[in-house]
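Listed below are the residues making up each chain.
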Amino acid sequence: MSVKYSIIIPVYNEEKVLDKCYEEVKKTAEKFDDKYEIVFVNDGSVDKSLDMLKDIAKSDKTVKVVSFSRNFGHQPAVSAGMKEAVGEALIILDADLQDPPEVVHEMIKKWKEGYDIVYGKRSKRAGEKPLKKFTAFLYYRFLARITGLNIPKDTGDFRLISRKAADAIINMPEKNRYLRGMNTWVGFKQIEVLYDRSARAAGETKYTMKKMVKLASDGIISNTNFPLSFIMSLGIFFGVMSFLGYVAVLTLQLLGIIANPIYWMFPSLGLCLGIVLMALGIIGIYLGRVYDEVKDRPIYIISEKINFE
Ligand code: UDP
Ligand code: MG
């Protein structure tokens, strides 16, 4: 019998919660109606996490462990788990039990109804600083605006992904992986389930400020060339302003309000800046094209084919 459900858990220095995590996840998985595997990805932990995982794997053959040579980060860890998992439905879960395993049953129900991606949407976020909640709130709205990609707001990586959708994501070769965006980008039938995000069961956040900034900038850079085209808009803005500046200086001179020719300098500076920015913008547009090509995303993803041999 082949594996139907794969639970994927990235782990970075989680010795304080790992046993509890395994216990809770196991309890949930035992209630599944079919064969499952639990894939832990050790993202270069420097505490006892790996030893603990090895112990767990020794006594439980449903547990598989992939271990990185060093800390590569959460998104690469989840990507590796997806690549190694063999199930028909992949479930991604944090090790700290902030994503309640019970919700997985609800996700599976949706999957059985035919949904390919069932993402957890946080209706509450306990134990997180107001500043983090506020910046997340702003960030997701800003991201949706500039990418035009409707990445569901207030979601993390907690989700169920069907084999079909997972294969599409695995086959996207880009290196700076912003999975939330990629999940949205691949399409298929998607739906949310609401859940209350609890506080960490134990330990501290492993998402340092630096990692969070990297994730946030990947979210933008991987999904839109907006920052590049923004340079062009800025150039056009300065161009128009300098034109208005010339008109203003000319008018004031004709009216005899100003006589000093030095005033011509101001719109001229604006014009130079506008030209330089527009030139950069043009380079930006080409660079954006090059970037799209090297990202090498498929130009379409087929969901199904009918009546083909
Ligand atoms: N994690 C990881 N590599 C990292 C940072 C985090 O594998 O470099 C894992 C971590 O062990 C946890 C999940 O990613 O299972 C989410 O991290 P965390 O709970 O610290 O993030 P937060 O919930 O605070 O945003
Ligand atoms: Mg967490």
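The following refers to the structure shown. (Residues numbered from 1 in each chain as written. Chains lettered and ligands numbered in written order. Predicted model: local features only at pLDDT ≥ 70, side-chain atom pairs only at ≥ 80, totals over all residues. Heavy atoms only, no water.)

### Brief notes about the coordination of the magnesium ion (ligand 2)
Put simply, the test is: The donor set covers N, O and S atoms within 2.8 Å of the metal, switching to 3.2 Å for Na, K and Ca, and it leaves out water, so a site may look short of donors. Here the term buried applies to any residue with accessible area under 20% of the maximum for its type, exposed to any over 50%, and partly exposed to those in between, with areas from a 1.4 Å probe on protein chains only.
At the metal site, the magnesium ion (ligand 2) is ligated by Asp 96 (OD) and Gln 98 (OE1), and these contacts range over 1.9 to 2.0 Å. Judged on exposure class, the residue Asp 96 and its partner Gln 98 are both buried.

### Some points on the layout of surface pockets
Note the cut-off: Space inside and on the surface of the protein is sampled on a 1 Å grid over the protein atoms alone, with a cavity defined as a set of points where a 1.4 Å probe fits but cannot get out and a pocket as an open set with protein on both sides within 12 Å along at least 5 of 7 lines; lining residues have an atom within 4 Å of a point. Grid points are joined across faces, edges and corners, and a volume is the space filled by probe spheres set on the points. The way it works is that DSSP assigns letters per residue, a run of H or I at least four long becomes a helix, a run of E at least two long becomes a strand, and they are numbered from the N terminus. Three classes are used, and their members are as follows: Ala, Val, Leu, Ile, Met, Phe, Trp, Tyr, Cys and Pro are nonpolar, Asp, Glu, Lys and Arg are charged, and the others, Gly among them, are polar.
Size it by volume and the largest pocket reaches roughly 1,200 Å³. In terms of lining residues, the largest pocket is bounded by 43 residues, among which Glu 128, Lys 132, Thr 205, Tyr 207 and Met 212 are the most central. Of all elements in the fold, only strand 1 (5–11), strand 5 (117–125), helix 5 (130–147), strand 6 (155–162), strand 7 (190–197) and helix 8 (209–221) reach the threshold of two or more residues within the lining of the largest pocket. Here the lining of the largest pocket is built from residues that sort into 17 nonpolar, nine polar and 17 charged. Estimates place the volume of the second largest pocket at around 310 Å³. Along the walls of the second largest pocket sit 17 residues, with Phe 72, Gly 73, His 74, Pro 76 and Lys 214 positioned nearest its centre.

### Regarding unusual backbone geometry
Of note, the phi angle at Asn 13 is positive, near 50°, even though the residue is not glycine. Looking at the secondary structure, you find Asn 13 in the loop between strand 1 and helix 1 (18–30). Even without being a glycine, Asp 154 presents a positive backbone phi close to 55°. Mapping Asp 154 onto the fold places it in the loop between helix 5 and strand 6.

### Regarding the sheet that holds strand 7
Cut-off, in case you're wondering: Strands were regarded as paired on the criterion that DSSP finds at least two bridges between them. Angles run from 0 to 180 degrees between N-to-C directions of axes, and those axes are lines fitted to C-alpha atoms, restricted for helices to the stretch in contact. Residues are treated as being in contact if the distance between any of their heavy atoms lies within 4.5 Å.
Pairing in this open sheet of seven strands is mixed, and the strands run 3-2-1-4-6-5-7 from one edge to the other. Each of the sheet's edge strands pairs with one partner strand only, and the pair in question is strand 3 (63–67) and strand 7. Adjacent strand axes in the sheet meet at a mean angle of 25°, parallel and antiparallel pairs treated alike. Two strands pair when backbone bridges link them, and strand 5 and strand 7 are joined in this way by eight bridges, in the parallel orientation. When the sheet's bridge partners are listed, Arg 125 is paired in strand 7 with Arg 197. Packing of helix 1 onto the sheet brings it into contact with strand 1, strand 2 (36–42) and strand 3, and relative to strand 2 it is tilted by some 160°. Along the sheet, helix 2 (residues 49–59) contacts strand 1, strand 2 and strand 3; its crossing angle with strand 3, the most-contacted strand, is approximately 150°.

### Things to note about the nonpolar core
Note the following rule: In this description, a nonpolar core means a group of buried Ala, Val, Leu, Ile, Met, Phe, Trp, Tyr and Cys residues linked to one another through side-chain atoms lying within 4.5 Å.
Residues Ile 9, Phe 32 and Phe 40 are the most contacted members of the largest nonpolar core, which totals 35 residues. Secondary structure elements with two or more residues in this core: strand 1, helix 1, strand 2, helix 2, strand 4 (89–92), helix 4 (103–112), strand 6 and strand 7. Sequence-distant contacts of Phe 32, that is, excluding residues within four places in its chain, are made with Tyr 5, Ile 7, Ile 91, Val 104, His 105 and Ile 108.

### Quick word on a nonpolar patch on the surface
For the record, the criterion: For patch building, the residue pool is restricted to those with more than 30% relative accessible area and no salt bridge; the joining distance is 9 Å between like charges and 5 Å between nonpolar side chains (Val, Leu, Ile, Met, Phe, Trp, Tyr). Accessible surface is estimated by sampling points in the Shrake-Rupley manner with a 1.4 Å probe; for residues, cover comes only from the protein chains shown. Put simply, a salt bridge is a Lys or Arg side-chain nitrogen that is within 4 Å of an Asp or Glu carboxyl oxygen.
Taken together, the side chains of Ile 236, Phe 237, Val 240, Met 241, Phe 243, Leu 244 and Val 247 make up a nonpolar region of the molecular surface, amounting to roughly 660 Å² of accessible area. Inspection of the secondary structure assignment puts Phe 243 in helix 9 (residues 226–254). You can call Phe 243 exposed: its relative accessible area is 53%.

### A closer look at helix 10 (residues 265–295)
The periodicity of an α-helix, 3.6 residues per turn, causes residues three or four positions apart to be oriented the same way. Basically, it comes down to this: Multiplying one less than the number of residues by 1.5 Å gives the expected span of a helix.
Over its 31 residues, helix 10 runs 44 Å from end to end, which matches the ideal 45 Å to within 8%, given 1.5 Å per residue. For helix 10, the secondary structure elements touched by its buried residues are helix 9. Positive phi shows up at Asp 296, right after helix 10, with a value of about 55°.

### Thoughts on a negative patch on the surface
Operational definition: Neither His nor the chain ends is counted toward charge; the positive residues are Lys and Arg and the negative residues Asp and Glu. Just so you know, the charge point we use is NZ for Lys, CZ for Arg, CG for Asp and CD for Glu.
Taken together, the side chains of Asp 19, Glu 23, Asp 51 and Asp 55 make up a negatively charged region of the molecular surface. At the level of secondary structure, the elements contributing two or more residues to the negative patch comprise helix 1 and helix 2. In this fold, Glu 23 is placed in helix 1.

### Describing the site of ligand 1
Put simply, the rule reads: We define proximity as follows: a residue is near a molecule or strand when any one of its heavy atoms falls within 4 Å of that partner. Side-chain atoms alone can form a polar contact between residues adjacent in sequence; in general such a contact is a pair of N or O atoms within 3.5 Å, and within protein one must be able to donate a hydrogen while the other accepts it. Each molecule is checked against the cavity or pocket grid, and it sits inside if more than half of its atoms lie within 2 Å of the grid points.
Taken together, 19 residues lie near ligand 1, and Glu 14, Asp 43, Asp 96, Thr 205 and Lys 206 sit nearest. In the model, an oxygen atom of ligand 1 is placed 3.0 Å from a nitrogen or oxygen of the Arg 197 side chain. Protein coverage of the free-state accessible area of ligand 1, which is 540 Å², stands at 94%. With respect to the detected pockets, ligand 1 is housed in the largest pocket.

### Things to note about the pairing of strand 1
Taken across its seven residues, strand 1 has seven buried, putting it largely inside the fold. Alternating residues of strand 1 divide into Tyr 5, Ile 7, Ile 9 and Val 11 and Ser 6, Ile 8 and Pro 10, and every residue in both groups is buried. Two strands pair when backbone bridges link them, and strand 1 and strand 4 are joined in this way by four bridges, in the parallel orientation. Counted as the bridge partner of Ser 6 is Leu 90 from strand 4.

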